[in-house]
Amino acid sequence: MKGLGVEQGTSPPIAENLARVRQSIAAAARATGRAPGDITLIAVTKSHGADRIGTALHAGHRVFGENRVQEAERKWPAIRQDFADAELHMIGHLQSNKAADAVALFDVIHSVDRPKLAAALAKEMVKAGRRPPCFVQVNTGEEAQKGGVVPGAAAALVAACRTKYDLPVAGLMCIPPADDEPSPHFALLADLARRLGLAGLSMGMSGDYEVAVRLGATHVRVGTSIFGPRGSP
Ligand SMILES: *Cc1c(COP(=O)(O)O)cnc(C)c1O
């Protein structure tokens, strides 16, 4: 792709940042007796353009996350022409009327949080003949403005996803409240997942991904520590 790999003086050192984040993940994994390879680093590219994404791709990274369907649809088809093996994760709130687009575009969906969305995704997966693994998002802080099923209703939603909708449920996801100590939220999510027999745990962002790995994260979603602050040049 033209222009990829060209960095301006003000651009963050993306390749170095990726290497450092990978090292931190590996150290946190080993500290708890886990294999670094068991943790997937999702490089979150929301608000960043093809130049920064290209730098990460040229540095060998292949797993990315976006939080809005429309933004991802604008950016990723062109990038994928050159990097067909790039894997794209949907990590943001998903409207039911975007389910078809999400199933077509994303390889993993982290934000299943209500029956209506589960039903819409299930229907579109049958139509498309494509079954991207799904995470059920849990609102561990029970915040009114945040997506996710409350912890007390998670088991019922997971059961419905499995039996009623036949969704490929891979695990649970959470975004702890910004002002809270994250570890109790990660521990709660890990405990819920264990009880529900789910192996996947999508938790941890730039500020807390090492804590998340120590508490069992299988997928960490890191943006700022790789690409710099969003909205910067
Ligand atoms: C933006 C975002 C991230 C990445 O956040 P950083 O703090 O920039 O690492 C992770 N998860 C979700 C759901 C996000 O929307």
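Refer to the preceding data block for the structure.
Analysis parameters
- Residues numbered from 1 in each chain as written.
- Predicted model: local features only at pLDDT ≥ 70, side-chain atom pairs only at ≥ 80, totals over all residues.
- Heavy atoms only, no water.
- Near = heavy atom within 4 Å.
- Polar contact = N/O pair within 3.5 Å; in protein donor to acceptor, adjacent residues only side chain to side chain.
- Areas by Shrake-Rupley, 256 points an atom, 1.4 Å probe, with all protein chains shown as cover.
- Salt bridge = Lys/Arg side-chain N within 4 Å of Asp/Glu carboxyl O.
- Helix = DSSP H or I, 4+ residues; strand = E, 2+ residues; numbered from the N terminus.
- Buried < 20%, exposed > 50% of the residue type's maximum accessible area, 1.4 Å probe, protein only.
- Pairing = 2+ DSSP bridges.
- Right-handed = clockwise from strand over helix to strand, strands pointing away.
- Expected span 1.5 Å × (residues − 1).
- Arc of directions from axis to C-beta.
- Contact = heavy atoms within 4.5 Å.

1. Looking at the site of the ligand
For step 1, the next point in the chain: As a matter of local geometry, the ligand sits amid V44, K46, I91, I175, M205, S206, R221, V222, G223, T224 and R230.
For step 2, the next point in the chain: Within the side chain of S206, an N or O atom sits 2.5 Å from an oxygen atom of the ligand.
For step 3, the next point in the chain: In this structure, an oxygen atom belonging to the ligand sits 2.8 Å away from a side-chain N or O atom of R230.
For step 4, the next point in the chain: Coverage of the ligand by the protein chains reaches 89% of its 390 Å² of free accessible surface.

2. What about the pattern of salt bridges?
Working definition: two side chains of opposite charge can pair if their charged atoms are close together.
For step 1, the next point in the chain: Throughout the structure, instances matching the rule amount to twelve salt bridges.
For step 2, the next point in the chain: A salt bridge links R62 to D85, with the shortest nitrogen-to-oxygen separation between them at 3.1 Å. Here R62, found in the loop between helix 2 (50-58) and strand 2 (63-66), pairs with D85, found in the loop between helix 3 (69-82) and strand 3 (87-90); they are 23 residues apart in sequence, far enough to count as distant.
For step 3, the next point in the chain: With a closest N to O distance of 2.8 Å, E71 and K75 form a salt bridge. Of this pair, E71 and K75 both sit in helix 3, four residues apart, roughly one helical turn. With respect to burial, E71 and K75 carry one shared label: buried.

3. Describing the pairing of strand 3
For step 1, the next point in the chain: Where strand 2 and strand 3 come together, four bridges link them in parallel fashion. Each residue of the ladder has a partner; that of E66, found in strand 3, is M90.
For step 2, the next point in the chain: The parallel pair strand 2 and strand 3 is bridged by helix 3, and the resulting crossover is right-handed.
For step 3, the next point in the chain: As defined by bridge partners, strand 3 adjoins strand 4 (residues 108-112) across two bridges and the pair is classed as parallel. Across the sheet, residue M90 finds its bridge partner in strand 4, namely I109.
For step 4, the next point in the chain: Between strand 3 and its parallel partner strand 4, the chain crosses via helix 4 (residues 99-105), and the hand of that crossover is right-handed.

4. Describing the pairing of strand 2
For step 1, the next point in the chain: Alternating residues of strand 2 divide into V63 and G65 and F64 and E66, and every residue in both groups is buried.
For step 2, the next point in the chain: As judged from the two bridges shared by strand 1 (residues 40-44) and strand 2, these two strands associate in the parallel manner. Of the residues in strand 2, the one forming a bridge with V44 is G65.
For step 3, the next point in the chain: One crossover worth recording links strand 1 to the parallel strand 2 by way of helix 2, and it is right-handed.

5. Focus on helix 7 (residues 183-196)
For step 1, the next point in the chain: Taking 1.5 Å per residue as the helical rise, helix 7 with its 14 residues ought to reach 20 Å, and the 20 Å between its terminal C-alpha atoms agrees with that figure.
For step 2, the next point in the chain: Taken as a whole, helix 7 has its buried residues at H185, F186, L189, A190, L192, A193 and L196. Angular distribution of buried residues about the axis of helix 7 spans 160 degrees; they occupy a single face of the element. More than 90 degrees from the buried face of helix 7, the exposed residues found are R194 and R195.
For step 3, the next point in the chain: Packing partners of the buried residues in helix 7 comprise helix 6 (151-164), strand 6 (169-173), strand 7 (200-202) and helix 8 (209-214).
For step 4, the next point in the chain: At the C-terminal side of helix 7, G197 shows a positive phi close to 70 degrees.

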